[in-house]
Amino acid sequence: MSDAERKPILVTISISHYCEKARWALDRAGIAYDERRHLPAIHRFAVKRAGGRQTAPVLVCNDGTVIDESSDIVVYADGRAPEGRGSILADPTLAAEARALADDFDERLGPATRLWVYHQMFDYPELVQVSMTDGVPTWQRHTFRYGNKAVAFAVAKVLGVNDENAVAAERTFREIYADVDDRLADGRRFLVGDAFSIADLTFAALSAPLIAPPEYGVRLPSVDELPPGMRPTVEELRETPAGQHALRMFATERS
């Protein structure tokens, strides 16, 4: 099989919002790929075998090139996207502004939403079993079913999931949502310029744990299914201008 005929391989954690960011970019560009899904913690063995470091997603391109940052996967997809289906703005100044926003969301929003949601959901493995195990190998489904506490322990240790850090994480994503609210206050449809960009994609994807969009790449628990300690915050954030923007990006740009 030639390089041109071989599909890229995307190594992911099923539920990961960074992996959703990569899936979204590739799907939007119409790029066919083979996704290899794994449980968190266990994914580290797969990404290292694929040539990545420790985090997912990792994209192994047709020619064997390895891309192990979600924003770089967005750039890869954009370079192969048909007109109107990319995520990198044509104007260099606007493109730089959008990338700077996306980098900030990657650095602050993504870790904050991930840590807070893990902290909220660790005691409810039945709610996330479908999301966690969608598409993973059979042995990993069994691992989660019978050893979810061990998986949770490993994730908590790596990410520093505890009460104190969860409070700090909520403070961080609320600050970011307030900033995005301010940016949208002039009535703009997109975060930068007049078109969908990597900023909108990144903000929406990394907000997904807080807004439960039905278009997400795996089934997330609905708002009605969420634990009582989590549901009021999610309901509140969904109604903010930032939350509404993220939901609209999923509804209009993801499907």
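In what follows, the accompanying structure is described.

Criteria and thresholds
- Residues numbered from 1 in each chain as written.
- Predicted model: local features only at pLDDT ≥ 70, side-chain atom pairs only at ≥ 80, totals over all residues.
- Heavy atoms only, no water.
- Phe/Tyr/Trp six-rings, centres within 6.5 Å; stacked < 30°, edge-to-face > 60°.
- Helix = DSSP H or I, 4+ residues; strand = E, 2+ residues; numbered from the N terminus.
- Buried < 20%, exposed > 50% of the residue type's maximum accessible area, 1.4 Å probe, protein only.
- Salt bridge = Lys/Arg side-chain N within 4 Å of Asp/Glu carboxyl O.
- Pairing = 2+ DSSP bridges.
- Core = buried A, V, L, I, M, F, W, Y, C linked by side-chain atoms within 4.5 Å.
- Contact = heavy atoms within 4.5 Å.

1. Concerning the packing of aromatic side chains
Note on aromatic pairs: each is described by the distance of the centres and the angle between the planes.
Inference 1: Enumeration according to the criterion identifies seven aromatic pairs in this entry.
Inference 2: Seen from their ring centres, tyrosine 177 and phenylalanine 203 are 5.3 Å apart, and the 50 degrees between their planes marks the pair as tilted. Taken together, the residues span a long stretch of sequence, with tyrosine 177 in helix H7 (residues 163-184) and phenylalanine 203 in helix H8 (residues 198-211) at a distance of 26 residues.
Inference 3: By relative accessible area, tyrosine 177 is classed as buried at 2%.
Inference 4: Look at phenylalanine 203 and you get buried, because its relative accessible area is 0%.

2. Overview of the pattern of salt bridges
Inference 1: Counted according to the given criterion, the structure contains 20 salt bridges.
Inference 2: Between arginine 99 and aspartate 103 there is a salt bridge whose closest N-O contact spans 2.9 Å. Taken together, the residues span about one helical turn, with arginine 99 and aspartate 103 both in helix H4 (residues 92-121) at a distance of four residues.
Inference 3: Looking at arginine 99, the relative accessible area reads 28%, which means it is partly exposed.
Inference 4: Each of the salt bridges in this network shares a partner with another, and the network as a whole consists of Glu20, Arg23, Asp27, Glu35, Arg37, Asp134 and Arg254.

3. Here's the deal with the pairing of strand S2 (residues 34-38)
Inference 1: Note: strand S1 (residues 9-13) against S2, five bridges, orientation parallel. Paired with isoleucine 13 across the bridge in S2 is histidine 38.

4. Observations regarding the nonpolar core
A general tendency of soluble globular proteins is for nonpolar side chains to be buried together.
Inference 1: Formed by 84 residues in total, the largest nonpolar core has its most connected members in Leu26, Phe105, Leu191 and Phe203.
Inference 2: Of all the elements, H4 adds the most residues to this core, at twelve residues.
Inference 3: Leaving out residues up to four positions away in the same chain, leucine 191 has contacts with Leu101, Phe105, Val180, Arg183, Leu184, Ala199, Asp200, Phe203 and His245.

5. Remarks on the side chain of serine 197
Inference 1: Mapped onto the secondary structure, serine 197 falls in the loop between H7 and H8.
Inference 2: With relative accessibility at 0%, the residue serine 197 sits in the buried group.
Inference 3: Residues contacting serine 197, with those up to four places away along its chain left out, are Ser87, Leu89, Ala98 and Val192.

6. Let's talk about the sheet that holds S2
Inference 1: The strand order across the open sheet formed by four strands is S2-S1-S3-S4, and the pairing between neighbours is mixed. Two strands lie at the open edges of the sheet, namely S2 and strand S4 (66-67), each paired on one side alone.
Inference 2: With three bridges connecting them, S1 and strand S3 (residues 58-60) associate as antiparallel partners. Paired with leucine 10 across the strands is leucine 59, a residue of S3.

7. Section: unusual backbone geometry
Inference 1: Between alanine 56 and proline 57 the backbone carries a cis peptide bond, its omega angle lying at 15 degrees.
Inference 2: Looking at the element boundaries, proline 57 is found in the loop between helix H2 (43-49) and S3.
Inference 3: Positive phi, close to 80 degrees, is recorded for alanine 41, a residue that is not glycine.

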